[in-house]
Amino acid sequence: MARRVRPGRAGAALIIAMGTLAAACAAPGSNSPQPQATGASPVSAPPTCGTAPITMNGYFETGFPLPKALTTEFTKQHPNVTWNVREDQFAVITQNAPRVLADNPPDLMRLPQVSELVKDNLLKNLDGYATAFGWDKWPASQLEQLRLGQGGRPRGEGSLYALGLNMSMTGLFYNKKLASQIGMSAPPATLAELDTALAKAKEAGVTPIVQFNGGATGGLAFPLQNLMASYGPAAPINDWIFQKPGATIDTPANLQAAQHLEKWIKSGYFQKDVNAVDYATMMSRFIDGQGLFMFNGDWESGNLDKQMAGNVGFALMPPAQQGGKHATMSAPLTFGIAATAKNADCAAFFLNWVATDKRAREIGVEIGGSRPLGPADAYMPAVASDKVTAATLAAGADIAQDNGAMDFIANATGAIYAKSWTPNLQKLVAGQQTPQDLLKTVQTDYAAQLEGN
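So, here is what we can say about the structure in this document. (Residues numbered from 1 in each chain as written. Predicted model: local features only at pLDDT ≥ 70, side-chain atom pairs only at ≥ 80, totals over all residues. Heavy atoms only, no water.)

1. Remarks on the packing of aromatic side chains
By the definition in use, this model includes 21 aromatic pairs. With a centroid separation of 6.1 Å and an interplanar angle of 65°, the aromatic rings of F74 and F349 are classed as edge-to-face. Placement of the pair is F74 in helix α1 (residues 65-77) and F349 in helix α13 (residues 344-356), with a sequence separation of 275 residues. Centroid distance F74 to F350: 5.2 Å. Interplanar angle 85°. Geometry classified as edge-to-face. On the criterion of sequence distance, the pair formed by F74 in helix α1 and F350 in helix α13 is long-range, its members being 276 residues apart. An identical accessibility class is assigned to F74 and F350; each is buried. (Phe/Tyr/Trp six-rings, centres within 6.5 Å; stacked < 30°, edge-to-face > 60°. Helix = DSSP H or I, 4+ residues; strand = E, 2+ residues; numbered from the N terminus. Buried < 20%, exposed > 50% of the residue type's maximum accessible area, 1.4 Å probe, protein only.)

2. What about helix α8 (residues 221-231)?
An α-helical turn contains 3.6 residues, so a residue and the one three or four places further along point in the same direction. Across the 11 residues of α8, 10 count as buried, placing the element largely inside the fold. Taken as a whole, α8 has its buried residues at A221, F222, P223, L224, Q225, N226, L227, M228, A229 and S230.

3. Points about the pattern of salt bridges
Overall, the coordinates contain 11 salt bridges when judged by the stated rule. A salt bridge links R110 to E61; the nearest nitrogen and oxygen atoms lie 3.1 Å apart. In this pair, R110 is assigned in strand β4 (residues 108-110) and E61 in strand β2 (residues 54-61), connecting sequence segments 49 residues apart. Take R110 and E61: they sit in the same class, and that class is buried. Through salt bridges with shared partners, a single ionic network connects K358, R359, E362 and E366. (Salt bridge = Lys/Arg side-chain N within 4 Å of Asp/Glu carboxyl O.)

4. Concerning the packing of α1 against helix α14 (residues 358-366)
One can describe the packing of α1 onto α14 by two numbers: an axis separation of 10 Å at closest approach and a directional angle of 165°. As far as their axial angle goes, α14 and α1 are roughly antiparallel. Note on packing geometry: the crossing formed by α1 with α14 is right-handed. For the pair α1 and α14, contact is made by L66, A69, L70, E73 and Q77 and by R359, A360, I363 and G364, respectively. Its residues assigned to classes, the contact of α1 with α14 shows 5 nonpolar, 2 polar and 2 charged. (Axes fitted to C-alpha atoms, helices over the stretch in contact; angles between N-to-C directions. Parallel < 35°, antiparallel > 145°, perpendicular 65-115°, else oblique. Left-handed = near helix turned anticlockwise from the far one by under 90°. Contact = heavy atoms within 4.5 Å. Nonpolar A, V, L, I, M, F, W, Y, C, P; charged D, E, K, R; others polar.)

5. Focus: the nonpolar core
Formed by 77 residues in total, the largest nonpolar core has its most connected members in L224, W240, W264, F293, I409 and W421. Per-element tally for this core: the top contributor is α8, with 6 residues. Filtering out sequence-adjacent residues up to four positions away, W421 remains in contact with L224, M228, W240, I249, I409, A410, I416, L438, L439 and V442. In terms of nonpolar packing, the next biggest core, distinct from the first, is built from 56 residues, A69, V81, A97 and V100 among them. (Core = buried A, V, L, I, M, F, W, Y, C linked by side-chain atoms within 4.5 Å.)

6. Description of helix α17 (residues 435-450)
Helix length check: α17, at 16 residues, gives a terminal C-alpha distance of 23 Å against a target of 22 Å (1.5 Å per residue), a fit within 8%. Those residues of α17 that fall on the buried side of the exposure criterion are P435, L438, L439, V442, Q443, Y446, Q449 and L450. Taken end-on, α17 shows its buried residues confined to a sector of 125°, consistent with a single buried face. Among the structural elements, α8, α9 (235-241), α10 (252-266) and α16 (416-429) are those in contact with the buried residues of α17. Positive backbone phi, approximately 85°, marks G452, located one or two places after α17. (Expected span 1.5 Å × (residues − 1). Arc of directions from axis to C-beta.)

7. As for the pairing of β2
Within β2, 6 of the 8 residues are buried, which leaves it mostly tucked inside the rest of the structure. Of the strand pairs in this sheet, β2 and β4 are connected by 2 bridges, and their pairing is parallel. Across the sheet, Y59 pairs through a bridge with M109, a residue of β4. (Pairing = 2+ DSSP bridges.)

8. Quick word on the state of the cysteines
Going through the model one piece at a time under the given rule, you end up with 1 disulfide. Through a disulfide, C49 is tied to C346; the S-S separation comes to 2.0 Å. Its torsion about the S-S bond being 95°, the disulfide of C49 and C346 is classed as right-handed. Here C49, found in the loop between β1 (18-20) and β2, pairs with C346, found in helix α13; they are 297 residues apart in sequence, far enough to count as distant. Residue C49 is classed as buried on the basis of its relative accessible area of 5%. (Disulfide = S-S within 2.5 Å.)

Interpretation note: all reported values are geometric properties and have no functional meaning in isolation.
In structure tokens:
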């Protein structure tokens, strides 16, 4: 979503995934049709962008500076490579992905949910590149969400069809000045403490949570999934997102989460016009000091360090019980290569450069606010302890320790975010949907989408 819708970033963000038949590809650089097989052809040496002039075609998400900063630096280091980049909102990319990949295949593309894209043979199998560049020697958890089985299901295993520019993570950003006004000297340690802080903010005339939920992007999926993480384990949610047989989102723990979200809505903890607020408006309001909390992803850390220097904190969603484990949405900022991309080798070389080049990793932290992918012992730039980026990086280590990383519920199928989560969350705000029916409806839609209906 997210990411980021960044759902992914919300992906969380929300922001902020993918899909196509788990087909093998020829060796990197080959534009020949991909045979239906389980793996890509082996590659003896890593490809490069060469020295001849190359124009790379990209299709990126608008409003996020990280990809632009990386492509600009890449051209500085590799002057023969220039970029022709088209940008769209994430909701538009989600709708356009199959047609763009089929009719006007980009060399590099910001990807929505990928299962259907893999099923339809629209993404290049990256197994050959993984072997050539050594990606398969990185920590397995970095690539798990980007692997798909034969025919695009299930996710979490099989061949590699995408890579991330970083590992995004969501949580609670908070305004430190507003927090001090209500006596909040440290982030809430339990869900009950968070509820208390929200109530105090409301009593003080401060909007407790600034969130987006307008248009085609249901941003309340961010707090909902964080509440799911408070009430239950991450594994069943990942099973559902990864399309494991028998998985369901309609569970007792998730019902508690949806009911808790409804309580926040009825208590007036979101701004009254939340169903009309888009992502950019949410960010503008939070930066302007119009709300205490914001559920969002670390992709905004660098931006907030500039816009709200010293006045913004970050914390993981607190568990329902004191001392409970943390879990949150954490997924790669996903990019893939079209199956018939003209410059696939150069695109793969770029993705490897993002994860391994010293300056690229610095850009990933400074601008992206997230931990770059790559080898476990790869260079990590130092970050001043008073920056919110330091807090998000530290939170990422906590999630790794608790094994609490989830993909975004918006990424379970290609249509589930726009056609099910978003309208049903908007109806929940309007009082036209109950928590029980929200989960039942989403699960019914999910099952139908898996069957291709």
